[in-house]
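Structure at a glance
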Amino acid sequence: MGYIYVVTPVGNELRPIDLDKRCFDGRRPYPPEVNHNNVKLGKTERPIHHRHREYKKILHNLIFKPIIYINNLNELKEFEDHLKSNCFSKYIKDFQNKTKRTTREWMEGIDIDEVVKTTLKEYNKNKIN
């Protein structure tokens, strides 16, 4: 069981997507930075409030929306992969090209409401088929 969720920072201020100490002491590359122009689509198998708390710590001011609860973990993973490969790949690539990083969760050029709308549409379409 788990959730598909979406998160976006509020405001122009750029913030790193990771607070891992290794990113700041040179052991790992500095993480990409995001602001209100970026949206992250993700899944979590943990309670949704844990994920919200983690992003609050990283991004501070944000919009966080659980979109869909899926009881079957295989379906959760398959649906997330479907969304990232078939619906949002252009926006993921736009973020990758801008940041020169290979993250598959952050997007550039789409807003949170469009991500929610597309996710719900795809979920309903796939449930019917």
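Structural data are supplied above this passage.
Attention here is on the structure that accompanies the text. (Residues numbered from 1 in each chain as written. Predicted model: local features only at pLDDT ≥ 70, side-chain atom pairs only at ≥ 80, totals over all residues. Heavy atoms only, no water.)

**Some points on the overall build of the chain**
Counting its secondary structure elements, the chain contains 5 helices and 6 strands. For the chain, the succession of helices and strands along the chain, N to C, is β-β-α-β-β-α-β-α-α-β-α. For 129 residues, the compact-globule estimate of 2.2 N^0.38 gives 14 Å, and the chain sits close to it at 15 Å. For the chain, the spread of C-alpha atoms along the principal axes amounts to about 50 × 30 × 25 Å. Burial statistics for the chain: of 129 residues in total, 41% are counted as buried. When contacts within the chain are restricted to residue pairs at least 6 apart in sequence, long-range pairs at least 24 apart make up 70% of them. Counting only carbon and sulfur atoms, one obtains 50% of the accessible surface of the chain, whose full area is about 7,600 Å². Positive and negative charge centroids in the chain, built from 25 and 18 side chains respectively, lie 2 Å apart. (Helix = DSSP H or I, 4+ residues; strand = E, 2+ residues; numbered from the N terminus. Rg over C-alpha atoms; globule rule 2.2 N^0.38 Å. Buried < 20%, exposed > 50% of the residue type's maximum accessible area, 1.4 Å probe, protein only. Contact = heavy atoms within 4.5 Å. Areas by Shrake-Rupley, 256 points an atom, 1.4 Å probe, with all protein chains shown as cover. Lys, Arg positive; Asp, Glu negative; His and termini not counted. Charge placed at Lys NZ, Arg CZ, Asp CG, Glu CD.)

**Here's the deal with the nonpolar core**
One finds Ile4, Leu41, Phe88, Met107 and Val115 to be the most contacted residues of the largest nonpolar core, which totals 18 residues. Sorting the residues of this core by element identifies strand E1 (2-9), strand E4 (38-44), strand E5 (62-70), helix H3 (73-87) and helix H5 (112-128) as the ones contributing at least two each. Per-element accounting of this core gives the leading share, 4 residues, to H5. Ignoring any residue separated from it by four or fewer positions in sequence, one finds phenylalanine 88 in contact with Leu41, Leu83, Met107, Ile110, Val115, Thr118 and Thr119. (Core = buried A, V, L, I, M, F, W, Y, C linked by side-chain atoms within 4.5 Å.)

**Section: the pairing of E4**
Among the 7 residues in E4, 6 count as buried, and that is most of the element. Pairing of E1 with E4, which is carried by 5 bridges, proceeds in the antiparallel orientation. Bridge pairing links tyrosine 3 to threonine 44 in E4. Where E4 meets strand E6 (residues 106-108), 3 bridges bridge the pair, whose relative direction is antiparallel. Counted as the bridge partner of valine 39 is methionine 107 from E6. (Pairing = 2+ DSSP bridges.)

**Section: helix H2 (residues 48-59)**
Residues separated by three or four positions in an α-helix point in the same direction, a consequence of the helix having 3.6 residues per turn. Helix length check: H2 (12 residues) gives 16 Å between terminal C-alpha atoms against 16 Å at 1.5 Å per residue, within 8%. Those residues of H2 that fall on the buried side of the exposure criterion are Ile48, Arg51, Tyr55, Ile58 and Leu59. When H2 is viewed along its axis, its buried side chains cluster within an angular range of 90 degrees and face the same direction. Contact partners of the buried residues in H2: E1, strand E2 (15-16), strand E3 (33-34), E4, E5 and E6. One or two steps after H2, the chain reaches histidine 60, where phi turns positive at roughly 65 degrees. (Expected span 1.5 Å × (residues − 1). Arc of directions from axis to C-beta.)

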